[in-house]
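Take a look at the letters that make up each chain.
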Amino acid sequence: MSLNQFKTNFSGGTRANRFEITGTIPGGGAFTKFHVRSTQIPQLSSTTIEYSHFGRKYYYPGEKQYGPWSVIVLDDIGVGDMWKAFSRWHNWINDHVSNESYVLSGTSDYKTDFTIRHLSLNGEESPNDHKKFILRGCWPKTIEPISFNMESANLL
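Residues numbered from 1 in each chain as written. Predicted model: local features only at pLDDT ≥ 70, side-chain atom pairs only at ≥ 80, totals over all residues. Heavy atoms only, no water.

Asker: Would you mind going over the overall build of the protein in detail, with residue names and values included?
Answerer: On a plain count of helices and strands, the protein comes out with 2 helices and 7 strands. Reading the helices (α) and strands (β) of the protein from amino to carboxyl end gives α-β-β-β-β-β-α-β-β. Residues counted as buried form 21% of the 156 residues belonging to the protein. A fraction of 55% describes how many contacts in the protein between residues 6 or more apart in sequence connect residues 24 or more apart. Surface summary for the protein: the accessible area is close to 11,700 Å², and the carbon and sulfur share equals 53%. (Helix = DSSP H or I, 4+ residues; strand = E, 2+ residues; numbered from the N terminus. Buried < 20%, exposed > 50% of the residue type's maximum accessible area, 1.4 Å probe, protein only. Contact = heavy atoms within 4.5 Å. Areas by Shrake-Rupley, 256 points an atom, 1.4 Å probe, with all protein chains shown as cover.)

Structure, rendered in C-alpha cells:
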C-alpha cells in the first residue's frame, strides 16, 4: 500500500488531531470539513464602565468582547488544499491585484460560521454536546506561512 492510499483510507483511527471543523468558506468555496492540529476557544472578556457619583467611582460590567480565534489547519487529502481555499477567501475580501474589497459593498457575506467538534479517540463525533462549539462571524485575518523545514523533530 502506498502512502497516498494509506492517507486516503485513513478516515479515523487514533490521531493527535482530534478536532474537526465544519463550515462554508465564502467567495466561491463550498461546505467543508477539515481537521486541525491546534486551536483554542477565543478569550471572552468584558469592558468596564466607570461612573462617577459624588466623588466616588463606581464600576459596572460593560460589553462582552471576544478575542481572535487562531487555528492550525492540517491539509487533509480528502478536502482539498485548505491553504488555497483560505487564501481565495482572503483575496475575495480584498483583492490583491485590483485592491477591490467585497466588504465595502455593505454585505456581511464575507463572514461564516464554523463548528468545532472534539472527536473521540477513534476520530468519531463525541455524543457530548459540551464538546461542540459554534463560532459565528469568522473571517481570515491572517494566513500564516507554510514552513518547509526538516530540522524540527516530530512534525506532523
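Asker: Would you mind going over unusual backbone geometry in detail, with residue names and values included?
Answerer: Residue phenylalanine 54 is not a glycine yet carries a positive backbone phi of 50 degrees. Mapped onto the elements of the fold, phenylalanine 54 is located in the loop between strand E3 (44–53) and strand E4 (56–66).

Asker: If you had to explain the sheet that holds strand E1 (residues 19–24) to someone new, which residues and values would you point to?
Answerer: Taken together, the 5 strands give an open sheet; going across it, the order is E5-E2-E1-E6-E7, and neighbouring strands pair in antiparallel fashion. Each having just a single partner strand, strand E5 (71–73) and strand E7 (132–138) make up the two edges of the open sheet. Each strand axis lies, on average, 35 degrees off the axis of its neighbour in the sheet, ignoring direction. Note: strand E2 (residues 31–39) against E5, 3 bridges, orientation antiparallel. Directly across from threonine 39, in E5, lies its bridge partner valine 71. (Pairing = 2+ DSSP bridges. Axes fitted to C-alpha atoms, helices over the stretch in contact; angles between N-to-C directions.)

Asker: Could you give an account of a nonpolar patch on the surface, with specific residues and numbers?
Answerer: Taken together, the side chains of Ile49, Tyr51, Tyr58 and Tyr60 define a hydrophobic patch exposed on the protein surface, amounting to about 410 Å² of accessible area. For the nonpolar patch, the elements supplying multiple residues, two or more each, are E3 and E4. Position of tyrosine 51 among the secondary structure elements: in strand E3. (Patch = residues over 30% accessible without salt bridge, like charges linked within 9 Å, V, L, I, M, F, W, Y side chains within 5 Å. Salt bridge = Lys/Arg side-chain N within 4 Å of Asp/Glu carboxyl O.)

Asker: Mind laying out the pattern of salt bridges, listing which residues take part and the relevant values?
Answerer: Overall, the coordinates contain 2 salt bridges when judged by the stated rule. The residue lysine 57 makes a salt bridge to glutamate 50 at a minimum N-O spacing of 3.0 Å. Lysine 57 gets classed as partly exposed once you look at its relative accessible area, which sits at 46%. Across the salt bridge formed by aspartate 113 and arginine 136, the nearest N and O atoms sit 2.9 Å from each other. One end of the pair, aspartate 113, is in strand E6 (residues 112–118); the other, arginine 136, is in strand E7, with 23 residues separating them in the sequence. Look at arginine 136 and you get exposed, because its relative accessible area is 59%.

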